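# Structural characterization, general
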Amino acid sequence: MDVPRTVTTALEDRPIEGAVCLEAGAGVGNATAGLLASGAARVYAVTDDRTHAETALERVRSPTDDDDTDDPRRARGRLAVLEADLRAIPLPDDAVEVITAHGLFNVVPPADLDAIARELTRVAAPGCHLLVDDYEPPPDDAAVRDLFALENAAAQLADGEPMLTFYPADALGRLFTGYGWTVDRHRTLLDPVPWTESHLEAHAEVVRSRVDALPAESELRAALLGRADTLVEAIGSESAGEMYGLALRRPE
Amino acid sequence: METRDLGSTGHESTVATFGAIALNWLEQEGANQMVELVLDRGVNHVDVAPTYGDAERKLGPKLRQHREEIYLGCKTQERDYDGARRKLERSLDRLGVDHIDLYQVHGLEYEAELEEITGDDGALAAFRDAKEEGLIGDIGLTSHGNPQLILDAMDRIDDLATVMFPLNPVVAAKGDDDHDYEAVLERAEEEGIGTLGIKAFAKGSWPSTEELPEADRPYANWYEPVDTPDEIRERFDFAASQGLSTVVTPGDPKLVAMVLDAATRYDGMAESEQRSLVEEARHDDSPVPEQLHH
């Protein structure tokens, strides 16, 4: 399993060994891989995306996989991928000791923040650690802002809500403080954030998938698609902005 | 330019080491000028090999003129006693000096080579005899290959003073054992072994020769390098921040001045910025180990 350094850095000062963990918004399972490699007793990877669920499972399955192995990186038996909404996590109260939200909140619309924070707090055991790793709003002069704005416009048209929201670390810190958590530490994980060609292409792909909902002959559809291609080509790649790592603690 | 302990050798190497393979691509006059430039920037460690074309001969004149200012590294690909001795004598002759400060096993790739080198009639026995005679100073090893093999070598060679190996964000981003040079760095640190970083400026492997004939490559490097001042500086700062004793300059003379400039201005790199470079390279193809033969 290939674990990004942002994940290993975020986890390095937390007691993962032997802990029951929850990866909130599993994506492709980066934090799940990191938690398992750090010796988590059990990881619940929660995602509402079927493809992500399959990818997360695939990543921890190696060709020589054997649930009896002692190798902590290959212990598939310690992983449960739950296909569920983070506003209704299928776990009992006080069930987990470590929660990661690695690159989660930038894809959570403002309207859903409270429900997710409440639910994460419900499943958190007393003394639980919460790791919120996310992006500060990109700087005003960052070219990627235009692509993100386009993505939000397309998502707004298709789904009625934005695709991306960049919450400053302070804002998420205050949100969770309101649910009884205390901020333990705040560190910079990436500065600058590399938005590579493949990242930009992935964001352009979101635009393309959302405009599918618009009528085929729509001028707006053609304009959005054209703009996405132009931006991807013009930006190429860019390093801009900051990824932060916030660690919070629920009182004992 | 910043200097650092080269392990327990007692020598403090500048954070940049001049890879004298660059001299192979220059006429003698240009080679002289390049060595003057390198020394003028404060570099005190020069690395060369008999396999670098005419580099030993072209280094010779300026090396002899500035011998006291230079910690001289050289190496051999010979694995047996007689071969290693012969190549050492030839290097001394071509360089025109009577002492090489660091003599290295060049390009270790296979376990069997390690067996041969450490055997009774192996190259290391020749190195040790030469050391007693005062022909060489410290003993080192270079490898572009499996980091585990370097660790094995560290276990088996008690008097190993330095190791040279690839280190760059592309390699650092790979989480597997084949690229775990971090483990080599850690062990070297524990055991007081000096570390020389190569391929710091590698962007990737060259396209196949069918796509891009060797003659059309814009740089005389074994790999496709980064080549803008900002990228060069980022890569230098990254490599120097990993804890290496020194970072070896790339093989193409056109890039050397930019690297020296970066080395002169080096003042560390924030950890978050190091992670940014690693993250950027996370999905890139590694130029190691595809282009082993250096």
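These figures come from a predicted structure and were not determined experimentally.

## Here's the deal with the sheet that holds strand E9 (residues 243–249) of chain A
Residue and element names in this part refer to chain A.
- Pairing is mixed across the open sheet formed by seven strands, whose spatial order is E3-E2-E1-E4-E5-E9-E6. The open sheet terminates on both sides in strands that have one partner only, identified here as strand E3 (79–83) and strand E6 (182–190). The mean inter-strand angle of the sheet, taken between neighbouring strand axes irrespective of direction, is 15°.
- Looking at chain direction, strand E1 (residues 20–24) and strand E2 (residues 42–47) are connected through five bridges and run parallel. Directly across from leucine 22, in E2, lies its bridge partner tyrosine 44.
- In the packing of helix H3 (residues 50–59) onto the sheet, contacts are made with E2 and E3, and the angle to E3 comes to roughly 175°.
- Contacts between helix H6 (residues 169–177) and the sheet are confined to strand E5 (124–135), E6 and E9, with E9 contributing the most and set at about 15° to the helix.

## Re the interface of chain B and chain A
- Taken together, the 13 residues of chain B in the interface contact 15 residues of chain A.
- Summed over both sides, the interface of chain B with chain A buries roughly 1300 Å², with 46% coming from carbon and sulfur.
- It is Arg275(B), Glu279(B) and Arg282(B) in chain B that bury the most area against chain A; as a group they hold 44% of the surface buried on that side.
- Connecting chain B to chain A are one salt bridge.
- A salt bridge links Glu182(B) to Arg5(A); its shortest N-O distance comes to 2.5 Å.

## Thoughts on the packing of helix H9 (residues 229–241) of chain B against helix H11 (residues 271–280) of chain B
Residues and elements named next belong to chain B.
- Axis separation between H9 and H11 bottoms out at 10 Å; the angle between their running directions is 115°. In terms of their interaxial angle, H9 and H11 are classed as roughly perpendicular. When the axes of H9 and H11 are compared, the crossing they make is left-handed. In this structure, H9 contributes Glu234, Phe238 and Ser241 to the contact, and H11 contributes Gln274, Leu277 and Val278.
- A class-by-class count of the residues in the contact of H9 with H11 yields three nonpolar, two polar and one charged.

## Details of the nonpolar core
- Counting 80 residues, the largest nonpolar core has Phe18(B), Leu59(B) and Phe236(B) as the members making the most contacts within it.
- Setting aside its immediate chain neighbours within four residues, Phe18(B) contacts Leu23(B), Met34(B), Val38(B), Val43(B), His45(B), Val46(B), Asp47(B), Thr249(B) and Val256(B).
- Among the nonpolar cores identified, the runner-up in size contains 34 residues, and Tyr44(A), Leu104(A), Val108(A) and Leu248(A) belong to it.

## Describing the pattern of salt bridges
All names here are of chain A.
- For the structure on display, the rule yields 39 salt bridges over all chains.
- Here aspartate 94 makes a salt bridge to arginine 250, at a shortest N to O gap of 3.4 Å. Taken together, the positions of aspartate 94 in the loop between E3 and strand E4 (96–102) and arginine 250 in the segment after E9 put the pair 156 residues apart, joining distant regions of the chain.
- On the accessibility criterion, arginine 250 (22% relative accessible area) is partly exposed.
- Ionic pairing is found between arginine 208 and aspartate 229, a salt bridge with its closest N-O pair at 2.9 Å. Placement of the pair is arginine 208 in helix H7 (residues 197–211) and aspartate 229 in helix H8 (residues 219–235), with a sequence separation of 21 residues.
- Residue classification places aspartate 229 among the partly exposed residues on the basis of a relative accessible area of 40%.

## Describing the pairing of strand E8 (residues 160–166) of chain B
Residue and element names in this part refer to chain B.
- Counting buried positions along E8 yields seven of seven residues, so the element is predominantly enclosed.
- One ladder, built from four bridges, connects strand E7 (residues 136–142) with E8; its direction is parallel. Its bridge partner being in E8, leucine 141 is matched across the sheet by valine 163.
- With helix H6 (residues 147–156) bridging E7 and the parallel E8, this β-α-β connection has right-handed handedness.
- Where E8 lies against strand E9 (residues 194–198), five bridges are found, and the strand directions are parallel. Residue pairing across strands places methionine 164 opposite leucine 196, the latter belonging to E9.

## Quick word on the environment of Val170(B)
Residue and element names in this part refer to chain B.
- Checked against the element boundaries, valine 170 lands in helix H7 (residues 169–173).
- For valine 170, a relative accessible area of 1% translates into the label buried.
- As a C-alpha pair, valine 170 and glutamate 224 span 54 residues in sequence and 13 Å in three-dimensional space.

## Description of the sheet that holds E9(B)
- Strand order in the closed barrel made by the eight strands is E3-E4-E5-E6-E7-E8-E9-E12 (chain B), with parallel pairing throughout. Each adjacent strand pair in this sheet contributes to an overall mean axis angle of 30°, direction not counted.

## Thoughts on H9(B)
All names here are of chain B.
- The terminal C-alpha atoms of H9 lie 18 Å apart, and with 13 residues this matches the ideal 18 Å at 1.5 Å per residue to within 8%.
- Buried within H9 are the following residues: Ile232, Arg235, Phe236, Asp237, Phe238, Ala239 and Ala240.
- One or two steps after H9, the chain reaches glycine 243, where phi turns positive at roughly 105°.

## Things to note about a negative patch on the surface
Residues and elements named next belong to chain B.
- A cluster of like negative charges, contributed by Asp230, Glu234, Glu280 and Asp284, occupies part of the molecular surface.
- Inspection of the secondary structure assignment puts aspartate 284 in the segment after H11.
- Taking the relative accessible area as the measure of exposure, aspartate 284 reaches 32% and is therefore partly exposed.

## Describing the packing of H6(B) against helix H8 (residues 181–191) of chain B
Residues and elements named next belong to chain B.
- Where H6 contacts H8, the two axes come as close as 8 Å, and the packing angle between them is 20°. Between H6 and H8, the crossing angle belongs to the class labelled roughly parallel. In this structure, the crossing between H6 and H8 has a hand that is left-handed. Contact residues: Pro147, Ile150, Leu151, Met154 and Asp155 in H6; Tyr181, Ala183, Val184, Arg187, Ala188 and Glu191 in H8.
- Classifying every residue of the contact of H6 with H8 by side-chain character gives eight nonpolar, no polar and three charged.

## Focus on the side chain of Thr47(A)
- Along the polypeptide, Thr47(A) turns up in strand E2.
- If we ignore the near neighbours within four places in the chain, the residues touching Thr47(A) are Ala26(A), His52(A), Ala53(A), Val81(A), Leu82(A), Glu83(A) and Ala84(A).

## Let's talk about the UniProt feature "domain: NADP-dependent oxidoreductase" (unreviewed entry) in chain B
- If you check UniProt for "domain: NADP-dependent oxidoreductase" (unreviewed entry), the listed places come out as residues 18–213 of chain B in our numbering.
- The distance from the first to the last C-alpha atom of residues 18–213 of chain B is 27 Å, and the span holds 42% helix and 20% strand.

About the criteria used
Residues numbered from 1 in each chain as written. Chains lettered and ligands numbered in written order. Predicted model: local features only at pLDDT ≥ 70, side-chain atom pairs only at ≥ 80, totals over all residues. Heavy atoms only, no water. Pairing = 2+ DSSP bridges. Helix = DSSP H or I, 4+ residues; strand = E, 2+ residues; numbered from the N terminus. Axes fitted to C-alpha atoms, helices over the stretch in contact; angles between N-to-C directions. Contact = heavy atoms within 4.5 Å. Buried area = accessible area lost by both parts, 1.4 Å probe. Salt bridge = Lys/Arg side-chain N within 4 Å of Asp/Glu carboxyl O. Parallel < 35°, antiparallel > 145°, perpendicular 65-115°, else oblique. Left-handed = near helix turned anticlockwise from the far one by under 90°. Nonpolar A, V, L, I, M, F, W, Y, C, P; charged D, E, K, R; others polar. Core = buried A, V, L, I, M, F, W, Y, C linked by side-chain atoms within 4.5 Å. Buried < 20%, exposed > 50% of the residue type's maximum accessible area, 1.4 Å probe, protein only. Right-handed = clockwise from strand over helix to strand, strands pointing away. Expected span 1.5 Å × (residues − 1). Patch = residues over 30% accessible without salt bridge, like charges linked within 9 Å, V, L, I, M, F, W, Y side chains within 5 Å. Areas by Shrake-Rupley, 256 points an atom, 1.4 Å probe, with all protein chains shown as cover. Lys, Arg positive; Asp, Glu negative; His and termini not counted. Charge placed at Lys NZ, Arg CZ, Asp CG, Glu CD. UniProt positions renumbered as here; feature names shortened; annotations may be inferred.

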